[in-house]
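Coordinate inspection notes
Each chain is listed here by its residues.
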Amino acid sequence: MDQATKAAQSNESSVTAGNVDLSNCDRELIQYSAAIQPHGLLLVLHEPELRVVQASANAAAVFDLSMENVLTSNAEALLGALNTDQLRKRLGSTKLDGSPVHLLRLDVGDKQRFHVFGHRIDGVLILELEMAGDGAAETLDLYSELRMAISRLQATGSLDEFMNLAVEQIRELTGFDRVMAYRFLEDGSGDVTAESLKPGLLPYLGLRYPASDIPQPARRLFSLTWVRHLPDVSYEPIPILPETNPLTNGPLDLSYAITRSVSVMYTDYLKNMGAKATLVITILKKGELWGLISCMNHERPVHIQYETRMACEFLGHMISLLMDSKEEIGNYRYKLKVAAAWNQVAEYMVREKDFRDGLTNHEPTILTNMDAGGAAVIVKGDVRLLGTTPTAEQVLSLTAWAATQAETVFSTDRLSSLYPPAEAFQQAAAGVMGIRLARNTADMILWFRPELTQTVNWAGNPEKPVEVSFEGDSVRLTPRRSFELWKQSVSGRSASWESWELEAAGDLRRNIVEVVLQRAEEVSLLNRQLEQSNLELDSFAYMAAHDLKEPLRSINSFSGLLRADSAQLDAKSKKHLETIQTLTQRMDALIDSLLEYSKVGSMELQLVPVNLNTIVERVVQTTKNRLDEGNVALRIPRIFPMASCDAQLVEEVLQNLITNAAKYNDKSERWIEIGYQEQNPVTYFVRDNGIGIDPQHAEHVFQIFRRLHARHQFGGGSGAGLTITRRMIQRHGGRIWFESTPGEGSTFYFTLGPEKREG
Amino acid sequence: MRADIAQPIVIIDDSYEDVEITTHLLKELGVGHPVVHLPDGEATRLYIQNSGNDGHGPRPVFILLDLNLPVVHGHDLLLEIRRSDWVRTVPVLILSTTNNPRDVERCYASGANSFFTKPVDFDKQRRMLAVICEYWLGYAATPLSAKPEAGLSD
């Protein structure tokens, strides 16, 4: 509670704001007031004989009869035979179970003219006779005025403009001092959003009235009828006699009655506002009570005639119908701009490999043109932030909470009231709108709206809608007298999210889901194609190997035949034939290497938990002879951990590296060490004290068929061993590299999984 | 039991060079069985029909089958051999240039008796053929020259 409120409270020692409100007004059954206003006369008739059951007390004077006689008479006796005939005709042809319908005009005596309205409720017919003015209603003028008003209303470009014109038009039509457009807010309070008033009056525009000013029963009545008129706020109510309906033995329901007497609370309230006469037009939006157009006269009472009220009612209908489209026009430009930006975003999304890049990496982003301070994209715990947002950790906790909310599209303008930790970051995100990308994950996109430290201009202190007065022994609650400006700031709230913004977010969500699904489909198609092409590549490699080898084999064989058979060949020719055979063997080895290389690339990896010690043991067994021959000592200082890998490939990797290490060594005491370093991922190494690698050849070591030594040195080889080794490691997502000092030795390192990226 | 010397060794291979070398090596090894060379699937079918259905020709002692044949693939031919009444039981030794694991798997599944990769090296070829002959002609028993009448076995 702020200082001002406290101060205000201490001034009123006996009453505190908290324990008094207008809730008793909420309970007052204002439709059962059993009285009418003096500009009317009410008869309750029993059909079909049209016998009088109840009547307002002023009927006696108007019909010049005693009240007893009125209550025992019938329509013929009171209205005359002709009028009753006409009435019966109208009753037979008109639907009367709702708002009162104008049935006929009635002259009683020379001077008293009435409009007669009728409606049925609880099995009785209620006739209301409303006094008509002297001058004949200028219906034609009204019609052209209305037509003009409507065409001007249609031409407006925004809701504000529309409402301003609407109140202007109604003031012109009715001649009231003040006409206001009053919009109900979510909590039942209301804002004056447009106003037209006689010069010199204090404007109410922009003021907010607490919910208790128009209590629930009054709001219900407003939504039942289009126009409510109170010609004289200080009227003396005319009672209806007898008070209870003798047919139903209950109170008479006057919900729809035009001339119904209104709540004392209401008239007191109006008096306190300085109103002498009022007319209220209901505005519905999509069938819901949106607000009111409230007309007031401050100088004197005024009775607005039936014809003009009809025009007002008609305008009320038109405003209700047109308003929807006007509100949309107001949003239209904003909406278009957001839609344009998001269309672009959708295109980026299709183009990017990672759809998130499309959302955040290009201009426009999902934040562009959006009335939000920041946005976040959360996928698999990875948070991307745009604009002003809470921290990534705060966003993550928020998504964890939001994932428990069922909706795929959600929003709030008071996040901290639903999710208390949000209080810590409500400056950046008092409100949030979100879309969930999948039902069963916390993947989502969020938009944040900053806190609006809103200032509400209350018409009087909303905490004290009533004042207590003591009249003798009784305590009377009266609506407040003071309508002085009462400022209040509202915290922890953002501007509210419009329904179309939620719709647009829903559209974006569908777009994203579509792209992601399509991506998944593309990936699976690519996988299928890849599988197919791997298969073909595999076959191709074998075919190529076959076709290359066949002639090679024949060359070798026939050279062999020649060498064996031809005694007449000299030694030199035999040597040449031998060379041909050696060359075919080398080519055979090259083809085998290519085939092996192709196989490693296309084969399916069998990734399983593997005991590397078993693999090392096997490699030691298969290379034992060679190592013993070369006098190479093998050092394995410690036990290997389990690894997820393809056992066969890793065995070949180790075998290749150990064979190489043993091969390229010119020391007398040779050794090879196999070990690992505990990093992430685990790094394995094969170290030797061999000839080392000249740094200038570092690039060439892994190139296929690139030999760094003369063919006959170090036992030869196809020159594909390290290339194939590297490919086997790459298939695991790992990499291979080496460190070497020429003349002292080399260490080949390799990993069997992808490096963890920072962040 | 030694195979009937009239039983031929059938080589199904489209490479005349290879067959020439093989024939030469067989002679060198002292193998007395005649060699029948069938260069493709068509020739093989005709051979099976003509020698088989009239029952005149002696059955092969074993068949060397190359996989990479034109028109009808060696594996399909293997299936046809295994469907033929006449040579169903004759050992078929696959000789292929490469040792594609899929081919190996497939051929054994379809009834091949061995799978060899043809070595490029002449000496290795010679050694391999020597082992084949020693095994199939020296140690292993092979089906008789003529298909036994039903009910005559045992």
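See above for the structure.
Now for a description of the structure that goes with this document. (Residues numbered from 1 in each chain as written. Chains lettered and ligands numbered in written order. Predicted model: local features only at pLDDT ≥ 70, side-chain atom pairs only at ≥ 80, totals over all residues. Heavy atoms only, no water.)

1. Here's the deal with the overall build of chain A
Of the regular secondary structure elements, chain A holds 19 helices and 31 strands. Here chain A holds 759 residues, and the buried ones make up 47% of them. Entry remark: accessible area of chain A is about 38,300 Å², with carbon and sulfur atoms responsible for 51%. (Helix = DSSP H or I, 4+ residues; strand = E, 2+ residues; numbered from the N terminus. Buried < 20%, exposed > 50% of the residue type's maximum accessible area, 1.4 Å probe, protein only. Areas by Shrake-Rupley, 256 points an atom, 1.4 Å probe, with all protein chains shown as cover.)

2. Brief notes about the nonpolar core
Residue and element names in this part refer to chain A. In this structure, Leu 654, Phe 748 and Phe 750 are the most contacted members of the largest nonpolar core, which totals 39 residues. Contributing elements (two or more residues each) for this core: helix H17 (612-629), strand E27 (642-645), helix H18 (647-663), strand E28 (670-677), strand E29 (683-688), helix H19 (721-731), strand E30 (736-741) and strand E31 (745-751). With 8 residues, the single largest contributor to this core is H18. Contacts of Leu 654, omitting those with residues within four sequence positions, involve Ile 615, Val 616, Val 619, Ile 674, Val 686 and Phe 750. Ile 150, Trp 226, Ile 304 and Met 323 belong to the second-largest nonpolar core, a separate cluster that totals 35 residues. (Core = buried A, V, L, I, M, F, W, Y, C linked by side-chain atoms within 4.5 Å. Contact = heavy atoms within 4.5 Å.)

3. A few points about the interface of chain A and chain B
Each partner contributes to the interface: chain A provides 24 residues, whereas chain B provides 21 residues. Here chain A and chain B share an interface that buries about 1,900 Å² over both sides, 58% of which is from carbon and sulfur atoms. Of all residues in chain A, the largest losses of buried area upon contact with chain B belong to Tyr542(A), His546(A) and Arg553(A), amounting jointly to 35% of the total for that side. Counting across the interface, chain A meets chain B through 1 salt bridge. Put simply, Asp18(B) and Arg553(A) hold a salt bridge, and the shortest N to O gap is 2.7 Å. One can count 4 residue pairs in polar contact (both at pLDDT 80 or more) joining chain A with chain B. Elements that contribute at least two residues to the side of chain A that touches chain B include exactly helix H15 (499-565) and helix H16 (571-602) of chain A. Residue contributions to the side of chain A that touches chain B peak at 19 residues, all from H15(A). For the side of chain A that touches chain B, the residue count by class is 9 nonpolar, 9 polar and 6 charged. (Buried area = accessible area lost by both parts, 1.4 Å probe. Salt bridge = Lys/Arg side-chain N within 4 Å of Asp/Glu carboxyl O. Polar contact = N/O pair within 3.5 Å; in protein donor to acceptor, adjacent residues only side chain to side chain. Nonpolar A, V, L, I, M, F, W, Y, C, P; charged D, E, K, R; others polar.)

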